[in-house]
Number of protein chains: 2
Amino acid sequence: MKLRPDYLIVAMERLKATYRILAPADEVRARTEAVLLEQTIETPVSVGNRYPFVREQMMGSVLELTEHPRGGFRAVLSLPVVTASIDPAQFLNVLFGNSSLHDNVELEDFELPARIASMLPGPRFGIAGMRARLGVTGRPLTCSALKPVGLTTEELAGLCAGLAAGGIDVIKDDHYLADHPFSPFEERVRACLDAVAEVYARTGHRTLYVPNLSGTPDQVFRQAEHAQQQGAEAVMIAPMLLGMPLLHELVRSRLEVPLLAHPSFAGNLRIRPATLLGRLFRLFGADAVIFANYGGRFAYPKEVCGEIAEALRAPWRDLAPAFPVPAGGMTVERAPELVEYFGLDTMLLIGGSLLEATDDLSDRTRAFVESVSRAAAAFGAAP
Amino acid sequence: MKLRPDYLIVAMERLKATYRILAPADEVRARTEAVLLEQTIETPVSVGNRYPFVREQMMGSVLELTEHPRGGFRAVLSLPVVTASIDPAQFLNVLFGNSSLHDNVELEDFELPARIASMLPGPRFGIAGMRARLGVTGRPLTCSALKPVGLTTEELAGLCAGLAAGGIDVIKDDHYLADHPFSPFEERVRACLDAVAEVYARTGHRTLYVPNLSGTPDQVFRQAEHAQQQGAEAVMIAPMLLGMPLLHELVRSRLEVPLLAHPSFAGNLRIRPATLLGRLFRLFGADAVIFANYGGRFAYPKEVCGEIAEALRAPWRDLAPAFPVPAGGMTVERAPELVEYFGLDTMLLIGGSLLEATDDLSDRTRAFVESVSRAAAAFGAAP
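Residues numbered from 1 in each chain as written. Chains lettered and ligands numbered in written order. Predicted model: local features only at pLDDT ≥ 70, side-chain atom pairs only at ≥ 80, totals over all residues. Heavy atoms only, no water.

**A closer look at the packing of aromatic side chains**
Pairs of aromatic rings are described using the distance from one ring centre to the other and the angle between the two planes.
Right, on to step 1. Evaluated as defined, the whole model comprises 18 aromatic pairs over all chains.
Right, on to step 2. Between Tyr341(A) and Phe342(A), the aromatic rings sit 5.0 Å apart at their centres with planes inclined by 75°, giving edge-to-face as the arrangement.
Right, on to step 3. Connected via pairs of aromatic rings, a cluster forms that spans Phe91(A), Phe110(A), Phe284(A) and Trp316(A).
Right, on to step 4. The ring of Tyr341(A) is capped by Lys302(A), whose NZ or CZ atom sits 4.7 Å from the centre of that ring.
Right, on to step 5. Across from the ring centre of Tyr294(B), 5.1 Å away, lies the NZ or CZ of Arg334(B), which sits over that ring. (Phe/Tyr/Trp six-rings, centres within 6.5 Å; stacked < 30°, edge-to-face > 60°. Lys NZ or Arg CZ within 6 Å of the ring centre and 35° of its normal.)

Below, the structure is given as structure tokens:
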């Protein structure tokens, strides 16, 4: 048997991507062909046609063009895997690079070719791995945040101790916590790890403290190394602020602990939220993804939040499921409703509503934790 | 005189940011306060008020709230520099992190405090530095792109030679060119540098070949190092694909040559294009910024393109002006119009329209270069 060059084998696989295109019916075919061109050869077709390899392998095609249930049209494009599988940045580039600049094109979804799944193998820990670290099964994880920015290290560590003593599972830095003069990164990590360790020694309750990493790639890599050396068992980044390729490199080469992803700067990239925060964040390796929940400070519709959660947990090749972390103006009182809507494999994040407790922070935290446990028991018992 | 802690001095400076807020008149004040909270303490006000430093320094304020000429309202917020000046990612986070998730808030603009200008000093070369490298004054620079993706190294080097022989100033990789099996990065860089060097030796005409860097931070840093070692005199990245903090680190610690920024994945982040592509890309250090021009493949209005160009070149503290690079479906025939609209301190990028020449690529390139020179002379002579 004669061996073919690698790229010819690869070229047989295709990246299928679905877009929503807002255009009048008599223009949508041309609009779709333009998107195809933009995401592939980005030159006039006559230029592509001159080169046999380009003509046969790189042009892609329009597989389907139908009406979209939410208005406009649904276009399924077949794109060359050979360009998308070169590196994580090129994957995003081929999926939605220049077309993101068109105000009438949205990325809806994509099918994951094997070649890209081997480049981007997804979460290393996921739901099961994080549960194993905490020894928690059968109920959602509970999570809170250290804020507001401006507190001293001592004040933050005090909040940590109070939340941990109340039985919370996970405490993450607010995404505004960075290497500030009033609470330097290394000092904060040490103090917060000590605070949760002290509670563990005293009560046997285990809490993960999750520092936020921020800055340029070198700063983030140094923070990741330092946090792990100090014993941090998870870290957080905001992938859209720092770059999705950095997320990939962090989880593949720099981290031996789970990673929480924060949605800051994810804005409206004209990518369906479940595709960006659910599928792409999971694919790039996030073990848990925070998103703005319905009914809080943000205006995400309930069904969009459900779609994000499902995208994070749904069976998908060999990718481990990741925790959905609904957040943003949640209250202790809403815990039962959220457990019922998102189910047990969820991490419920309540920040301000715990911190504004005028009574004891630990008591308020305990009320949250117990409410989640009760709701989980009821959920488990439901028909 | 008693010295105050650093943060108290810093705290006297404020980051003034302007947003466009789409809300009914009777809700806009509450909506604006919510944006302020989101971009500062991100907890209920009662929580912030407990801590004197937070209350006095971190809460920010609403400076103005007026009707916006394009509809909705214009809100000017005062935000704490102390959080925004910690690292380049936090600057973006404080400017438009979580608020980018609100579908009724757009970032319009910002004023640059001294503290942030010293963290982000902008282009290292800018227009003057790039002109000096090429020895070109008094006219726009001419630029073309190597594409489509899928060509072999030999084919790309052949295009390079043809474009350089036609007198082009700058040849950039297409943003889809990465480390592909049919044209590996290192092989391509060598071959393209050789191609332009050969034309220089033969004709005395100097062309900059600009390789595209793509991948994770480590991959990009390795490519940057390799390209410079080989003699590349400029490089290109797509900052929104790779992460804005990476752009900063690249220009501050890894590059001794100018950087071109590509707009791929810049989508509609609900940031005014002139603010994102003009002010932010320049502030983070791009020496030239490619953007989708009016009247081409993209639907950017003419005045938006003019605003982007102005934002890149306008006097702004000590920041060097950067080249605007209008692109995307431009044609040789439009060169005079574009010179007239964008002026002399512009880099005109024409890709497909040169490459589709069925006659000689060098002839077609020469026609473009001469057309720009003639238009520049007319522009210079204009009253």
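**Re the side chain of Arg270(A)**
Right, on to step 1. Its location among the elements puts Arg270(A) in the loop between β9 (259-261) and α14 (273-283).
Right, on to step 2. Lacking a salt bridge, the buried Arg270(A) has Asp103(A) as its closest oppositely charged neighbour, with an N-O distance of 5.5 Å.
Right, on to step 3. For Arg270(A), the side chain forms a polar contact with the main-chain oxygen of Ser100(A), separated by 2.9 Å.
Right, on to step 4. Those residues in contact with Arg270(A) that sit more than four places away from it in its chain are Phe96(A), Ser100(A), Leu101(A), His102(A), Asp103(A), Val105(A), Glu106(A), Leu107(A), Gly267(B) and Asn268(B). (Helix = DSSP H or I, 4+ residues; strand = E, 2+ residues; numbered from the N terminus. Buried < 20%, exposed > 50% of the residue type's maximum accessible area, 1.4 Å probe, protein only. Lys, Arg positive; Asp, Glu negative; His and termini not counted. Salt bridge = Lys/Arg side-chain N within 4 Å of Asp/Glu carboxyl O. Polar contact = N/O pair within 3.5 Å; in protein donor to acceptor, adjacent residues only side chain to side chain. Contact = heavy atoms within 4.5 Å.)

**Some words on the sheet that holds strand β5 (residues 141-146) of chain B**
Residue and element names in this part refer to chain B.
Right, on to step 1. The sheet built from four strands is open, its strands ordered β7-β6-β5-β12 with parallel pairing. Of all the strands in the sheet, just β7 (208-210) and β12 (347-349) have a single pairing partner and so form its edges. Across the sheet, the mean angle separating the axes of adjacent strands is 25° when strand polarity is ignored.
Right, on to step 2. Taken together, the four bridges between β5 and strand β6 (residues 170-173) define a ladder with parallel strand orientation. (Pairing = 2+ DSSP bridges. Axes fitted to C-alpha atoms, helices over the stretch in contact; angles between N-to-C directions.)

**So, the interface of chain A and chain B**
Right, on to step 1. Counting residues at the interface gives 83 residues for chain A, matched by 83 residues for chain B.
Right, on to step 2. Buried surface at the junction of chain A and chain B, both sides included, amounts to about 7100 Å², of which 61% is carbon and sulfur.
Right, on to step 3. Along the contact surface separating chain A from chain B lie eight salt bridges.
Right, on to step 4. At the junction of chain A and chain B, the tally comes to 38 residue pairs in polar contact (both at pLDDT 80 or more).
Right, on to step 5. For the side of chain A that touches chain B, the element with the highest residue contribution is helix α6 (residues 88-96) of chain A, accounting for seven residues.
Right, on to step 6. Residue composition of the side of chain A that touches chain B, by class: 41 nonpolar, 28 polar and 14 charged. (Buried area = accessible area lost by both parts, 1.4 Å probe. Nonpolar A, V, L, I, M, F, W, Y, C, P; charged D, E, K, R; others polar.)

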